[in-house]
Amino acid sequence: MTNPGSKIHSSWLVKLQNEFNSPYFENLSLFLKEEMNTKIIYPNKENIFEAFNQTYFENVKVVIMGQDPYHGINQAHGLSFSVQDGTTIPPSLKNIFRELNSDLNIKVPKSGNLSKWAKEGVLLLNSILTVKAKTPRSHQKIGWEKFTNAAIKALSDERENIVFILWGKYAQDKESLINSKKHYILKSAHPSPFSAQKGFFGSKPFSKSNNYLQSSGISTVNWSLSNS
């Protein structure tokens with residue numbers, strides 16, 4: 001983290017350079033350096049900015065907001081809700097796949113790796129980009145929220161016709177950063193087993209996103225995660 005700008009794609013570096021140069025980010029970097037020297041931190045250092053590196057600023061069509069990375073071994077790899085190949089699919093992601101199947105009749109994938117969505121223009125952005133092993137939300141309020149808020153605001157201010165998918169209250173708190181006159185905000189309950197029955201199931205975020213993109217003259221997202 002000594003030179004974080006070298007770890008993020010140039011399309012985002014241009015937009016977030018002021019954040020990297022700010023005192024809060026310097027403090028964040030120092031904190032993370034100490035944490036990484038003494039504790040197990042997820043995701044791996046090279047994957048912290050993976051969401052930005054897989055979905056360039058000008059390619060973003062849809063944003064799916066998460067809270068913080070998974071905190072178990074071989075799970076987090078820098079994309080919200082996504083897990084590495086070969087890892088058990090977490091409950092929230094299982095429910096996302098269930099809704100995907102119901103909404104678009106897409107076969108439920110065997111892997112929870114969502115990199116294909118990222119390449120399709122879906123920014124899979126956690127509000128907090130790191131976490132201590134086995135300790136959810138352990139890196140909240142150290143500066144990541146300010147950094148990712150700046151990314152959301154840059155998209156809102158400088159782009160048009162992006163779909164922002166906000167699942168649950170935590171993600172919906174980001175709504176104030178988004179210009180709803182230029183973009184499409186989709187809100188529902190979180191896909192967690194604790195809340196999915198309260199409005200996530202049946203919310204049809206995937207078809208609604210594509211309908212909006214198509215009506216805006218933008219190519220739709222291929223939500224299928226099949227290799228075929």
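Computed from a predicted model, the values in this text were never measured in an experiment.

> How would you explain the overall build of the protein chain if you had to name every residue and give the values?
Helix and strand counts for the protein chain stand at 8 helices and 6 strands. Starting at the N terminus and ending at the C terminus, the protein chain contains elements arranged as α-α-β-α-β-α-α-β-β-α-β-α-β-α. Computed over its C-alpha atoms, the radius of gyration of the protein chain comes to 17 Å, within 12% of the 17 Å expected for a compact globule of 228 residues. Burial statistics for the protein chain: of 228 residues in total, 54% are counted as buried. Element-wise, carbon and sulfur atoms account for 47% of the exposed surface of the protein chain, whose accessible area totals about 10900 Å². For the protein chain, the distance from the average position of its 27 positive side-chain charges to the average position of its 18 negative side-chain charges is 5 Å.

> An account of the layout of surface pockets is requested, with residue identities and associated values reported.
Volume-wise, the largest pocket comes out at about 530 Å³. Together, 25 residues line the largest pocket, and Gln67, Asp68, Tyr70, Ser92 and His190 are the ones closest to its centre. If you list the elements that add at least two residues to the lining of the largest pocket, you get strand E2 (62–66) and helix H7 (168–172). Here the lining of the largest pocket takes 4 residues from H7, the largest share from any one element. Counted by class, the lining of the largest pocket contains 10 nonpolar, 12 polar and 3 charged residues.

> Which residues make up helix H6 (residues 144–158), and what are the values?
Between the first and last C-alpha of H6 there are 21 Å, a value that for 15 residues agrees with the 21 Å anticipated at 1.5 Å per step. Within the span of H6, buried status applies to Trp144, Glu145, Phe147, Thr148, Ala150, Ala151, Ile152, Ala154, Leu155 and Ser156.

> I'd like to hear about the sheet that holds E2, residue by residue, with values.
The pairing of strands in a sheet comes from backbone hydrogen bonds and takes either a parallel or an antiparallel form. Strand order in the open sheet formed by 4 strands is E3-E2-E5-E6, and the pairing between neighbours is parallel. Here the strands that pair on one side only, and so sit at the sheet edges, are strand E3 (122–126) and strand E6 (184–188). The average undirected angle you get between the axes of adjacent strands in this sheet is 20°. One ladder, built from 5 bridges, connects strand E5 (residues 163–167) with E6; its direction is parallel. Paired with Ile165 across the two strands is Leu186, which belongs to E6. Against the sheet, helix H8 (residues 205–215) touches E2, E5 and E6, its axis set at about 160° to E5.

> Kindly report on unusual backbone geometry, identifying the contributing residues and their values.
Backbone phi values are negative for most residues with the exception of glycine, while trans is the configuration of most peptide bonds. Each neighbour pair has its own omega, and for Tyr42 with Pro43 the value is -10°, a cis peptide bond. Checked against the element boundaries, Pro43 lands in the loop between strand E1 (41–42) and helix H3 (50–54). Phi at Asn74 is positive, roughly 60°, even though this residue is not glycine. Judged by its relative accessible area of 48%, Asn74 falls in the partly exposed class.

> So, the packing of helix H1 (residues 10–20) against H6: which residues are in play, and what are the values?
Running from N to C, H1 and H6 point in directions that differ by 135°, and their axes come no closer than 10 Å. In terms of axis orientation, H1 runs oblique to H6. Like other packed secondary-structure pairs, H1 and H6 cross with a definite hand, here right-handed. The segment H1 lies against H6, with Trp12, Lys15, Leu16, Glu19 and Phe20 engaging Lys146, Phe147, Ala150, Ala151, Ala154, Leu155 and Glu158.

> Pulling in residues and values, what's your account of the pattern of salt bridges?
The final tally for this structure, using the stated rule, is 5 salt bridges. Among the salt bridges present, the one from Lys153 reaches Asp157, with a minimum N-O distance of 2.8 Å. Taken as a pair, Lys153 and Asp157 lie in helix H6 at a separation of 4 residues, close to a single helical turn. For Asp157, a relative accessible area of 45% puts it in the partly exposed group. Among the salt bridges present, the one from Asp173 reaches Lys169, with a minimum N-O distance of 3.4 Å. Overall, Asp173 belongs to the partly exposed group, its relative accessible area being 47%. Look at Lys169 and you get exposed, because its relative accessible area is 61%.

> If you had to explain the nonpolar core to someone new, which residues and values would you point to?
Trp117 and Phe147 are the most contacted members of the largest nonpolar core, which has 67 residues in total. With 7 residues, the top contributor of residues to this core is H6.

Criteria and cut-off values
- Residues numbered from 1 in each chain as written.
- Predicted model: local features only at pLDDT ≥ 70, side-chain atom pairs only at ≥ 80, totals over all residues.
- Heavy atoms only, no water.
- Helix = DSSP H or I, 4+ residues; strand = E, 2+ residues; numbered from the N terminus.
- Rg over C-alpha atoms; globule rule 2.2 N^0.38 Å.
- Buried < 20%, exposed > 50% of the residue type's maximum accessible area, 1.4 Å probe, protein only.
- Areas by Shrake-Rupley, 256 points an atom, 1.4 Å probe, with all protein chains shown as cover.
- Lys, Arg positive; Asp, Glu negative; His and termini not counted.
- Charge placed at Lys NZ, Arg CZ, Asp CG, Glu CD.
- 1 Å grid on protein atoms, 1.4 Å probe; cavity = no way out; pocket = protein on both sides within 12 Å on 5 of 7 lines; lining within 4 Å.
- Points joined across faces, edges and corners; volume = space filled by probe spheres on them.
- Nonpolar A, V, L, I, M, F, W, Y, C, P; charged D, E, K, R; others polar.
- Expected span 1.5 Å × (residues − 1).
- Pairing = 2+ DSSP bridges.
- Axes fitted to C-alpha atoms, helices over the stretch in contact; angles between N-to-C directions.
- Contact = heavy atoms within 4.5 Å.
- Parallel < 35°, antiparallel > 145°, perpendicular 65-115°, else oblique.
- Left-handed = near helix turned anticlockwise from the far one by under 90°.
- Salt bridge = Lys/Arg side-chain N within 4 Å of Asp/Glu carboxyl O.
- Core = buried A, V, L, I, M, F, W, Y, C linked by side-chain atoms within 4.5 Å.

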